[in-house]
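So the chains spell out like this:
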Amino acid sequence: KEIKVFCPATIANVSCGFDVLGLALESVGDEMLVRKKETPGIKITKIEGQDLPLETNKNVAGVAGLALLNASNYKGGFEIEIFKNIKPGSGIGSSAASSAGAVWAMNELIDKQFSKLELVQFAMQGEKLASNVAHADNVAPAIFGGFTLVRSYEPLDIVPVNTPNQLYATVIHPQIEIKTSDSRKILKTNISLEKGIKQWGNLGGLIAGLFTEDYELISRSLEDHIIEPVRSILIPGFDAVKASAISAGALGCGISGSGPSIFALSKGQETAQIVAQTMSKVYEEIGLDFDVHVSKIC
Ligand code: HSE
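In this report, the structure presented in the accompanying data block is examined. Since this is a predicted model, take the numbers as computed values, not measurements. (Residues numbered from 1 in each chain as written. Predicted model: local features only at pLDDT ≥ 70, side-chain atom pairs only at ≥ 80, totals over all residues. Heavy atoms only, no water.)

### Overview of the packing of helix α1 (residues 60-71) against helix α3 (residues 116-131)
So, step 1. Two elements in contact, α1 and α3, have axes whose closest approach is 8 Å; the angle formed by their N-to-C orientations is 145°. For α1 against α3, the interelement crossing comes out right-handed. For the pair formed by α1 and α3, the contact residues are Val60, Val63, Ala64, Ala67, Leu68 and Ala71 on the first element and Leu119, Phe122, Ala123, Gln125, Gly126, Leu129 and Ala130 on the second.
So, step 2. Partitioned by chemical class, the residues of the contact of α1 with α3 number 11 nonpolar, 2 polar and no charged. (Axes fitted to C-alpha atoms, helices over the stretch in contact; angles between N-to-C directions. Helix = DSSP H or I, 4+ residues; strand = E, 2+ residues; numbered from the N terminus. Left-handed = near helix turned anticlockwise from the far one by under 90°. Contact = heavy atoms within 4.5 Å. Nonpolar A, V, L, I, M, F, W, Y, C, P; charged D, E, K, R; others polar.)

Rendered as structure tokens:
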């Protein structure tokens, strides 16, 4: 018995929701084949597309899978083949795609013993291996789909958020690698009350805008007063790319996860395409290599 799954790329934070908000992309992601086997444990037999460790304990899919296996009454094991399209360190949830994909596929093969919330908890162990922090803002949307809010970590409480039909994401990835652990180290651990007020106002506004499908409200709320000013210095041409996205009609633009990818949200696929071209022009002018994608949110 085996299953092939699509493991979506995800945009975490979405400007104002550091560590609590994320969304899943419909057309960017990895694939993974998971097979049941009689011998207990997890064996990663193939990884294509990226140079990543095959050892179960060093691979996020292996670690997330072991968390599931340990919690389950299934006595056998699994074999995994991973086909990576998402580059590690690109900011669109490479480790989350592998962690979430593995536990999702395994759960299908053992007759859905676990809930989505439990799958998020297992997948978070993969995130912990990748970045030292078991953040859920990439794995939750990868498992639940669409936008998700991590309302609380202890206890874990995931709230699926409505995704307006006309919302499209543009993601541009300048070809540099930023490790999540490194881009977390530069963050301050305290924030001022003044900044907190702005940030939770925007987060509430964004969630309300998503549920009421109010694109203007979504647009007004896509601001980050806390993380972006610190992290954007690591991303070449960030201010110019952001300005170009807004001038091309994007609702908002910010750092995807811990970067260096930059995302923009737009109303309608056509606008998202124009935004992609305009953002690309900035990197073409600087002479920096990049990948760019336009995707629906799924
Ligand atoms: N919320 C995490 C961070 C996401 O920004 O560090 C990492 O993908």
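### Regarding the nonpolar core
So, step 1. Membership of the largest hydrophobic core comes to 67 residues, with the highest contact counts inside it found for Val14, Phe78, Ile80 and Leu265.
So, step 2. Looking at this core, the element that brings in the most residues is helix α2 (residues 94-109), giving 8 residues.
So, step 3. With 16 residues, the next largest nonpolar core counts Ile255, Ala264, Val275 and Val282 among its residues. (Core = buried A, V, L, I, M, F, W, Y, C linked by side-chain atoms within 4.5 Å. Buried < 20%, exposed > 50% of the residue type's maximum accessible area, 1.4 Å probe, protein only.)

### Topic: the environment of Lys84
So, step 1. Relative to the helices and strands, Lys84 resides in the loop between β4 (77-83) and α2.
So, step 2. Along the backbone, Lys84 and Asp19 are 65 residues apart, and their C-alpha atoms lie at a distance of 24 Å.
So, step 3. In contact with Lys84, not counting residues within four places along its chain, are Asp30, Ile47, Glu48, Gly49, Gln50, Leu52, Ser94 and Ser98.
So, step 4. A polar atom in the side chain of Lys84 sits 2.5 Å from the side chain of Asp30.
So, step 5. Among the polar contacts listed, one links the side chain of Lys84 to the backbone oxygen of Ser94, at a separation of 3.0 Å. (Polar contact = N/O pair within 3.5 Å; in protein donor to acceptor, adjacent residues only side chain to side chain.)

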